[in-house]
Each structure stands twice: as structure tokens, then as C-alpha cells.
Amino acid sequence: MPRTKYALTSHLFPALLVLFACAGCEETPQAPATDDATAATPAVTPVTSKRLAAAKGDDDNWLLHGRTYDEQRFSPLTDINTDTVAELGLAWYFDVPTRRGMEATPIIVDGRLYATGSWSIVYALDAATGELLWRHDPKVDRAWAQYACCDVVNRGVAVWNDTVFVATIDGYLVAVNAASGAERWRVDTIDRTPPYTITGAPRVVNGLVMIGNGGAEFGVRGYVSAYAADTGELAWRFYTVPGDPDAGFENAAMERAAATWTGEWWRYGGGGTVWDSMAYDPALDLLYVGVGNGSPWNRKVRSPDGGDNLFLSSIVALRPATGEYVWHYQTTPGDTWDYTATQHMILADLQIGGENRQVLMQAPKNGFFYVLDRATGEPISAQPYVTVTWAERVDLATGRPVETANARYSEGPSVVMPSPYGGHNWHPMAFSPATGLVYVPAQELPFVYGDDSAFEFTPGSWNTGTDFEFVASSDDKAVAAEIRSMIRGQLVAWDPVAQKEVWRYQHAGPWNGGTLATAGGLVFQGSLLGEMAAYDASTGERLWQFDAQTGVAAAPVTYRAGGAQHVAVAVGWGTVFSMNGGPATGSLGLRNHSRILSFALAGDAALPARPAVDTSFTSAPPAADADPAQVAAGKDLYFRRCFMCHGDGAVSGGVMPDLRHASETTHTQWDAIVLGGARRSNGMPAFGGMLDAEGSEAIRQYVLERAWRSYREQQAQQEAGGAGTASR
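As the structure is a prediction and not an experimental result, all values here were calculated from the model. (Residues numbered from 1 in each chain as written. Predicted model: local features only at pLDDT ≥ 70, side-chain atom pairs only at ≥ 80, totals over all residues. Heavy atoms only, no water.)

1. Structural notes on the overall build of the protein chain
Within the protein chain, the regular secondary structure consists of 11 helices and 40 strands. Within the protein chain, the proportion of its 728 residues that are buried is 66%. Working note: accessible area of the protein chain is about 23,600 Å², and carbon and sulfur atoms make up 49% of it. (Helix = DSSP H or I, 4+ residues; strand = E, 2+ residues; numbered from the N terminus. Buried < 20%, exposed > 50% of the residue type's maximum accessible area, 1.4 Å probe, protein only. Areas by Shrake-Rupley, 256 points an atom, 1.4 Å probe, with all protein chains shown as cover.)

What follows is the structure, encoded as C-alpha cells:
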């Protein structure tokens, strides 16, 4: 319930740099649903096309994912400013009953706050007090979690008239009554033969609800669809990569794209999923969608004779009424690094070279900050905003990157920056018209790319065509420490006209939250370590901070309710970084406390005390009797099948079960769980179609080897008078 004042070698890099799939997951019991609003509930007011188009002048609300169609994430509110922010305190908090990550941007409409938690559950709260108005559980099939690359997260809802729209992890688009939380309609948006997922927030343009999907690594063909907001009827669908040419092409754009592929790419799906960012320009009537990576990552597999592979890693402009292709710009031609262009896009008008330019800005995974003409897609400028080693520069005459030697790891494994986590990932950035700066949650993480010589495409399973053992953690503590010193995360204030960094705030590590800019001269951002903070938008000085008790990945919003300006954010440690980070994330000792926090001037609520985290072994692990060859075989299989959720070295990052601590009972039931799917209802898939009993046992022995290694290190620490916690 809410609380208010009223009540560098092939083995150098740790696996935290690997973008991988979720396997096992558990959920705490959910609070009972409330179907009816209470008498004190703020009235539901309609959200029309006219109102959405005018959202920039609606100071009190946050009606769209980025507050406005241009996705600037800038608020005109000024009550909370550089002079008053020191008085900011917690006004209320709402405990979200989940053990998984939180990524949602809340939507605020006239005193009502709508947000999502894991498993695509929607919560409607009183924006002034945090009181629960209703909860809608779309009843996601928990077993579908095995197809989610990056936790069972959801980035939020869209609103239209008196309806709230949410897209579910298992592929449905659901319309919910904004007053009661009752379901109005649902539509299946995916082909269920290849396992698509959805984590992104829908967008609504003129009565059409747009939604994409994810799952490129699992062998899908990407697309974005539009549905009638009133009925759920499919209006149009635009595929982002071509299918089998023998089946014909949906449109001229797909025929053109097919000329940039080779081999039989359609057998692998192709990828190109539209899993996050969109923006809309009402004046130009253009919908911009960001397109993801290929399936598999490695171009040598999906398109063996090369090619740009349109429209992978591209920004594509469409007509929102019809889905008609207008233009595209490809940030990473022939992507082979998982350099998606699904990252947040911002529309703005900038004075460049003495001329007013209508631009689109993006800082995609590949490390370059792009400024494009949003009417034509013409590149205006592109400069690296983080360390980039795969390309020297972007040639503006051609719009193409100038790649470095062996960046495509064609001559053997290659250490490349950025990593698959990207120089910037899905965490939204913000633009302040007052300062002219873009505030980017940036990060620097190297990665060792190399071909997987034993790769075999497996539909419905994780497919990259790269060998993840190249990036496994080193057991050499000095080497591991050296590599960790290379990992950085920072809040970067970027001048998009001059294309240079103006200031940065150096965080303790990467994977920090999205940003919010305000006319009060502030930038708000949460961090991996759970610090919710406000910065001076001009200088980067940290002016205020709050212990959120859990990692913050989502972006904050601000609004006015109950006569006061609030800053709200969804917090909760989780997402892909927590699941496969292994020792690097496990060493942080983080645990999830999923909540929605709302701050206001003179707020005086307080969070309960943070529970202690104890990772020590209370007894020795079960007996292990494997020989080195069996353990080595188990390690190889673990990296192919288990690493995705249970982490490098079987070390949990704080959300998933730590397999080193698996009980004797779990080991006794190992095959029933791993091969038979005994815990499938919790999201732990059955691998019986991919593993045999010999392979299952090899993985078990590898896990036991890791458990005994950590247990012995703990014993040695205790004998030496150390802290006595298990090695992370």
C-alpha cells in the first residue's frame, strides 16, 4: 500500500556485458485486483487527438510516453527548481508486489497515474496520494518468460479517450477501462510459432494504437502494427525486414530491402524488431520507429555474402494512417554487433549553421550521436558520444560509418566498444530547450566478439552466432579487477549543435536510469545503485539525492496534483543487467524493492528500513563428483542455455535464484526441472528438446563446481578474519 504524509583477451571480460535471455523466474504473490474505482477517485477525463497534439502546453500532466509527441521529456513546471530542490522529499510510495525489474514511464492524466510493473500488470493510482484505484492483471502466461531476452519488464501504457492500452510480454495488446480497470478488448499481435515478446509502451496517433515487438534472437521477423483504438481491429502492419522472396513482397520497400540481403535469411527470421522507441511529428505527419538488430547477430550467418540488410538498425519514417514507407536512415549497415537503433528518439527545431532545422536526434547503441533532418532522413551530423572502436567516424557524404580493421571479427575474436549493451540503451534521454542540451544515460563497456564455430540455429531459442565464452569472467582476481575498471557509466550533457559533451556526472557503474529535464533548471536521473538525484542542468552539479533502496532504470516524470508539483519514478532492480551480470553485478549485493516513488517539496514520507543482504553459505554445497572434462562440457552448455538468466559463473545479480545456493532437493529434482519443465509455471523453461540427460548432468556439475569454488573462498575469508560472505 502507498505511504504518504497523510497516512582484453578472449576471457577478459565479465559476462555482465552480454545481452541474453531470461530463463527462470519467480514472482511474489500479487495483491488482489480492485475492479471498481472508489468514490474519492479523481474523475476520468477524455484524452483526445486535439489534447495529445497540444500536450506541450499542458503543464500539469504527462499524457504521452515522452510527455509530448516529440519525446523531449521536458516539463515547463518550475516549482521544483535549483533553489528549492533541496526541500524535495518523499511524498508517497506504492509497493509493487513483484520481484522483477521496473522500466515503466508513468502516464498522468488529471490526477490519475497509470504505470506498469513486471508481467505487464497495470496499476492506476491517485497521483496526489499514491492510493491504489485499480489494478489490471492481463494474466500473462508465466511460461512465456523463457522467450523474454531481458526480464519480464514493461515500459508503460498509452491513453486515448477513456481507455488505457498495455502490451503484454506474451504478445497481446489490451484495452482497459480507465475508470475501473476492466478489460474492454484484447488482440493477439504476434505469430506464436516464432516466440515474439513485447516490452515496449504503445503509442496512439489519431485513434490508432501502434505497437512493435521483440525477440530477434529467437528467430522472428520484425514489424510494427497499428490497431483501431475503439475495436482492436488491425489497421496496418509494416515489416522491417523482407521475408522469403518466393512468397512475394508486401510492398516496394520490402522488395528494395531484399536486394540488400544474401543467402536464405528468412530461415532465421531476419530480426529487426521494433521493441521500443517511436516519435511522431503532427506537422509532417510522420511516425518514426527505431529498428533493432539482426537474427542472428552475426551477419556471416544470416547474410553470408554481406549486404546492408535493410532495415536493420535503422530509423524508418512511416505515414501513421497507412503504414506507408517514406524514408529511412541506417545507423549501422550490415549490423553484426547487436547495435540496435531502437533507442530513444527526440524531435526538436535547432539552429544549425544559421538555419532553423527540423531534426531528429538519436544516440543508438553504436556510440554515435546522430542529428538527422526529420523530413528527409538526411544526416546532418554524427559524432561519438562514448568510446567507439568499431568505426573511425561517420562519412556524412555517404551517411555510412568508416569501419576499423577486424571490427567484424572476421580475422578472429575482437575487443570492440561499445558492447551489445550499447553506449546508450533503452533508458530514455531528455532534451531541454532552455539549455539546448540532450541528457544521455551513457555507458562504456567493452566486449569480445567472436564467431561461434559450433553454431546451429534453433528456432525458439537464443541465437546470436557469436561465442559467449569469449566474454566469461576471469577467475584471476587481478584480471577481473582490471576489466571492471574499464566499465563506466555517466550522465552526459550533450550539445547536439556543436556535437560535443558539455558536462558529465560520472556514476559508479553503467545501466543507470532514464532522464527528465525541467524548466526549473534541473535534470533528474536514478542510478544503478539506487540513488535518485537532481542535477543542475547547466553545470551537472548534483543538488539533491534520495536513497531509493533499489536500482533505478526507468525515467522519472513530473506533474502537478493536489496543488503541488511531483516528480515520480518507477524503481526496481532487475532487467537484463541483473540477470546475466554474474560476479560484476552480484558483487553489488543489490536486491529488488519494486515501487513507485513520488516526491514533492516538503514531502515527509519515509521508506521502511532496507533489509540486510546475506549471500553467505550456511552449509557446504551438495557433493560434486565430476571430472574436469564433464565440468568443461557443462560450462559450454551453461553459456548456451542458462547464462541468460542465472548469470556468468552461476552468480546471481540479485533477482534470479543463485544456482550456487541450490538446495539438495533442487539437485535431486534437477532433470525434472531442467529437462521436464517442473517449474515452467514460474518461467523456467523445459530444455528437454535441446538437452539430453548427459548434458543436463554436465550443467549440474558445472554449477556445483562454481558453488564449491565460492564456498571454499568464503571459508578462506573466514579463516583469515574476513567478512565471511560468498565470493561474488
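2. Considering the sheet that holds strand β33 (residues 500-506)
The strand order across the open sheet built from 4 strands is β29-β30-β32-β33, with neighbouring strands paired in antiparallel fashion. Bordering the open sheet on either side are β29 (430-432) and β33, each of which pairs with just one other strand. Strand after strand, the sheet turns through a mean of 30° between neighbouring axes, direction not considered. Across 3 bridges, β29 lies against strand β30 (residues 437-444) in antiparallel orientation. The residue of β30 that forms the bridge with serine 432 is leucine 437. (Pairing = 2+ DSSP bridges. Axes fitted to C-alpha atoms, helices over the stretch in contact; angles between N-to-C directions.)

3. Describing the pairing of strand β39 (residues 564-571)
Of all 8 residues in β39, 7 are buried; the element is thus mostly enclosed. Taking the residues that link successive antiparallel strands as the turn, the strand β38 (residues 557-561)-β39 hairpin has 2 residues, and the phi of glycine 562 there is positive, at about 60°.

4. Quick word on the pattern of salt bridges
Tallied over the entire structure, the rule returns 28 salt bridges. A salt bridge links aspartate 79 to arginine 560; the shortest N-O distance between them is 2.8 Å. Of this pair, aspartate 79 sits in the loop between β2 (74-75) and β3 (88-95) while arginine 560 sits in strand β38, placing them 481 residues apart in sequence. In this structure, the salt-bridge partner of aspartate 308 is arginine 400, at a minimum N-O distance of 2.8 Å. Taken as a pair, aspartate 308 in the loop between α3 (299-302) and β20 (314-318) and arginine 400 in strand β27 (residues 400-403) lie far apart in primary sequence, 92 residues in all. (Salt bridge = Lys/Arg side-chain N within 4 Å of Asp/Glu carboxyl O.)

5. Things to note about the packing of aromatic side chains
Scanning all chains against the criterion turns up 33 aromatic pairs. Ring centres of tyrosine 69 and tyrosine 280 lie 5.0 Å apart, and the angle between their planes is 85°; on these two criteria the pair is classed as edge-to-face. With a gap of 211 residues between them, tyrosine 69 in the loop between α1 (49-53) and β2 and tyrosine 280 in strand β17 (residues 278-281) connect regions that are remote in the sequence. Look at tyrosine 69 and you get buried, because its relative accessible area is 11%. Given the relative accessible area of 6%, tyrosine 280 is considered buried. On the basis of an interplanar angle of 50° and a centroid distance of 5.9 Å, the ring pair of tyrosine 288 and tryptophan 327 is categorised as tilted. In this pair, tyrosine 288 is assigned in strand β18 (residues 286-290) and tryptophan 327 in strand β21 (residues 325-330), connecting sequence segments 39 residues apart. (Phe/Tyr/Trp six-rings, centres within 6.5 Å; stacked < 30°, edge-to-face > 60°.)

6. Things to note about the state of the cysteines
By the definition in use, this model includes 1 disulfide. Here cysteine 149 engages in a disulfide with cysteine 150; their sulfurs sit 2.0 Å apart. Residues cysteine 149 and cysteine 150 are joined through a disulfide that is left-handed, its torsion about the S-S bond being -90°. For cysteine 150, a relative accessible area of 16% corresponds to the buried category. (Disulfide = S-S within 2.5 Å.)

7. Describing the sheet that holds strand β10 (residues 172-177)
Spatially, the 4 strands line up as an open sheet ordered β8-β9-β10-β11, and their pairing is antiparallel. Unpaired on one side and paired on the other, β8 (158-160) and β11 (183-188) mark the two borders of the sheet. The sheet shows a mean angle of 20° between the axes of neighbouring strands, direction not considered. Note: β8 against strand β9 (residues 163-167), 3 bridges, orientation antiparallel. Along β9, the bridge assignment pairs tryptophan 160 with threonine 163.

8. Quick word on the confidence of the model for the protein chain
In the predicted model, the protein chain carries a mean pLDDT of 89, and 88% of its residues have values of at least 70. Confidence drops under a pLDDT of 50 for residues 3-39, and excluding neighbours within four residues, the segment shows 160 contacts in the predicted structure. Here residues 723-728 is a poorly scored stretch, pLDDT under 50, and it has 28 contacts once near neighbours within four places are set aside; other chains count. (pLDDT = per-residue confidence, 0-100. Contact = heavy atoms within 4.5 Å.)

9. Details of helix α11 (residues 693-719)
Taking 1.5 Å of rise per residue, 27 residues should cover 39 Å, and α11 covers 39 Å from first to last C-alpha, within 8% of that figure. Directly after α11, the chain includes glycine 721, whose backbone phi takes a positive value near 85°. (Expected span 1.5 Å × (residues − 1).)

10. Notes on the side chain of threonine 332
With respect to the element layout, threonine 332 can be found in the loop between β21 and β22 (345-352). The class of threonine 332 is buried, set by a relative accessible area of 0%. Polar side-chain contacts of threonine 332 include one of 3.0 Å to the side chain of asparagine 366. In this structure threonine 332 touches Ser313, Trp337, Tyr339, Asn366 and Trp390, once residues within four positions along its chain are discounted. (Polar contact = N/O pair within 3.5 Å; in protein donor to acceptor, adjacent residues only side chain to side chain.)

11. A closer look at the pairing of strand β13 (residues 208-211)
Burial along β13 is two-sided: Leu208 and Met210 and Val209 and Ile211, pointing in opposite directions, are all buried. The pairing of strand β12 (residues 203-205) with β13 spans 3 bridges and is classified as antiparallel. Within the sheet, the bridge partner assigned to valine 205 lies in β13 and is leucine 208. Hairpin connection from β12 to β13: 2 residues lie between these consecutive antiparallel strands, with asparagine 206 at a positive phi of about 50°. Both β13 and strand β14 (residues 223-228) contribute to a ladder of 4 bridges, which runs antiparallel. By the bridge assignment for β14, valine 209 is matched with tyrosine 227.

12. Regarding the environment of threonine 340
Structurally, threonine 340 is set in the loop between β21 and β22. Assessed through its relative accessible area of 1%, threonine 340 is described here as buried. If we ignore the near neighbours within four places in the chain, the residues touching threonine 340 are Trp275, Val291, Gly292, Asn293, Ser313, Pro364 and Lys365. Reaching out from threonine 340, the side chain makes a polar contact with the side chain of threonine 342 at a distance of 3.1 Å.

13. Re helix α7 (residues 628-641)
If you check α7, its first and last C-alpha atoms are 20 Å apart, about what 14 residues at 1.5 Å a residue would give, namely 20 Å. Three or more residues of α7 are buried, namely Val631, Gly634, Tyr638, Phe639 and Arg641.

14. Brief notes about unusual backbone geometry
For residues that are not glycine, phi is negative in most cases, and the peptide bond is trans in most cases. Look at the link from serine 295 to proline 296: it is a cis peptide, with omega at -10°. Mapped onto the secondary structure, proline 296 falls in the loop between β19 (294-295) and α3. The amide bond that connects methionine 417 to the next residue, proline 418, takes the cis arrangement and shows omega of 0°. Within the secondary structure, proline 418 sits in the loop between β28 (414-416) and β29.

15. Some points on the packing of α7 against α11
Taken N-terminus to C-terminus, the directions of α7 and α11 make an angle of 100°; their axes are 7 Å apart at the nearest point. Classified by the angle between their axes, α7 and α11 sit roughly perpendicular to one another. Of the residues in α11, those touching α7 at Gln630, Val631, Ala633, Gly634, Lys635, Leu637, Tyr638 and Phe639 are Gly695, Glu697, Ala698, Ile699, Gln701, Tyr702, Val703 and Glu705. Tallied by class, the residues present in the contact of α7 with α11 amount to 9 nonpolar, 4 polar and 3 charged. (Parallel < 35°, antiparallel > 145°, perpendicular 65-115°, else oblique. Nonpolar A, V, L, I, M, F, W, Y, C, P; charged D, E, K, R; others polar.)

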